[in-house]
Amino acid sequence: MDNNESSTYKQPVRGVIAFDDFDDSPVMPPKSGSDEPAKPKSAHGSGLSFMSFGSGSSGNCAYLGTSEQGVLIDAGVDPEKVFAELKRNGISPQAVKAIVLTHDHQDHVRYVYKTIRGFNKNIAVYCTMRVMNGLLRRHNISRRIKEYKVDIWHETPFKVAGMEFTAFETSHDGTDNVGFNIRFGEFNFVVATDMGVITDRAAHYMSQAHFLMIESNYDRAMLDNGRYPEYLKSRIRGPRGHLDNTVAARFVAEQVGAQLQWVFLCHLSNDNNTPEIALATMREALQSRGQTVGDASNAPDQRDRDVQLYALPRYDSSPWFVL
Ligand SMILES: [Zn+2]
Ligand SMILES: [Zn+2]
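Asker: Which residues make up helix H9 (residues 275–288), and what are the values?
Answerer: Across its 14 residues, H9 extends 20 Å between first and last C-alpha, which sits within 8% of the 20 Å expected from 1.5 Å per residue. Buried residues belonging to H9 abut helix H8 (245–255), strand E12 (262–266), strand E13 (293–294) and strand E14 (307–311). Looking one or two residues beyond H9, the residue adopting positive phi is Gly290, at roughly 85 degrees.

What follows is the structure, encoded as structure tokens:
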């Protein structure tokens, strides 16, 4: 690899302004998910199910688990919506054992206390101590949230809901930022969102993913030519900001092994990206390494393709995916 190649991963710089993820467009009311759950066949069924309830700067939350038990990844979507969608898919509030948090930005933590107090007081919050401290500084989250906390540490595996989680460092401007490698049987589901660059540890886990939920935040030309003020463009483009579609796609094309079965693009910008552009960028990258790409629809001509590719909707729920 020459020096230019390594510039796929932007070098850290100092002085990036840190503040919450936000989006200055109006928050749209959520619409309900599609009525017909898609259940694409995978080459080697893992037994895991996955559903996203929203993805992006307006709110992030997803379920991962089996039909018996699972976890919520982040808590940035109203639990009224989350548990209604889970119920439609046969998952009771009692089946949710934990919330695992990637970092302390509002779009990931806003509803963490309401989720527990309103639906299942046995849910534990798994996060690093610095993420919990970030939560406790927020005026809109009850300090009683600490009664539900379970401390986790980077690179130290923990088990919950029948899965083994390992938090790894990501590069972002939250108080503390992690992705998760989630091991279930022989399968790895990797969550890697809100990251300006791909850290070595994120690369290590993502390269071994069977199921990859990776940020594909912005199209560089749309961001550069868009209406955001320059300081915000700099923050998004910076090493502790968000991930460029092409950086995510190049990483997958060049570094993720052939075991990869599913790619979920997450945290797409409303202003600086479109699902069509993000999907096309990733699809071309997957095809460049000789793989056929399905659209996650479970249609007869799609379901037997090497990799299924789907962009998580910003405001809507995804279908219920059986991986
Ligand atoms: Zn975010
Ligand atoms: Zn964030």
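Asker: Talk me through the sheet that holds E13; I want residue IDs and the actual numbers.
Answerer: With mixed pairing, eight strands are arranged side by side in an open sheet as E7-E8-E9-E10-E11-E12-E14-E13. On the outer flanks of this sheet lie strand E7 (158–160) and E13, each paired with one strand and no other. Across six bridges, the pairing between strand E8 (residues 163–169) and strand E9 (residues 178–184) is antiparallel. Bridge pairing in E9 links Phe165 to Ile182. Contacting E12, E13 and E14, H9 runs over the sheet at an angle of about 160 degrees to E14.

Asker: Go over unusual backbone geometry, please, and point to the residues and values.
Answerer: Unlike most non-glycine residues, Asp194 shows phi in positive territory, near 50 degrees. In this fold, Asp194 is placed in the loop between strand E10 (187–192) and helix H5 (200–206). By C-beta crowding, Asp194 is classed as buried, having 29 other C-beta atoms within 10 Å. The residue Asn298 is not glycine, and still its phi comes out positive at about 70 degrees. Along the chain, Asn298 falls in the loop between E13 and E14. Its 18 C-beta neighbours within 10 Å are what place Asn298 among the partly exposed residues.

Asker: Break down the sheet that holds strand E4 (residues 96–100) for me, citing the residues and quoting the values.
Answerer: With mixed pairing, the seven strands of this open sheet are ordered in space as E6-E5-E4-E3-E2-E1-E15. Strands at the two margins of the open sheet, each flanked by one partner only, are strand E6 (149–151) and strand E15 (321–322). By the bridge criterion, four bridges tie strand E2 (residues 61–65) to strand E3 (residues 70–73) in an arrangement that is antiparallel. Along E3, the bridge assignment pairs Leu64 with Val71.

Asker: Can you tell me about helix H3 (residues 112–119), naming the residues and giving the values?
Answerer: Val112, Tyr113, Thr115 and Ile116 are the residues of H3 that are buried. The arc that holds every buried residue of H3, seen down its axis, measures 165 degrees, which confines them to one face.

Asker: Please provide a residue-by-residue account of the confidence of the model for the protein, values included.
Answerer: Of the residues in the protein, 86% reach a pLDDT of 70 or more, and the chain-wide mean stands at 89. Within the model, pLDDT remains below 50 along residues 1–20, and this stretch shows 21 contacts once partners closer than five positions in the same chain are excluded. Scored below 50 in pLDDT, residues 22–43 shows 41 contacts in the model against residues more than four places distant or in partner chains.

About the criteria used
Residues numbered from 1 in each chain as written. Chains lettered and ligands numbered in written order. Predicted model: local features only at pLDDT ≥ 70, side-chain atom pairs only at ≥ 80, totals over all residues. Helix = DSSP H or I, 4+ residues; strand = E, 2+ residues; numbered from the N terminus. Expected span 1.5 Å × (residues − 1). Contact = placed C-beta atoms within 7 Å. Pairing = 2+ DSSP bridges. Axes fitted to C-alpha atoms, helices over the stretch in contact; angles between N-to-C directions. Buried ≥ 20, exposed ≤ 12 C-beta atoms within 10 Å, placed from the backbone. Arc of directions from axis to C-beta. pLDDT = per-residue confidence, 0-100.

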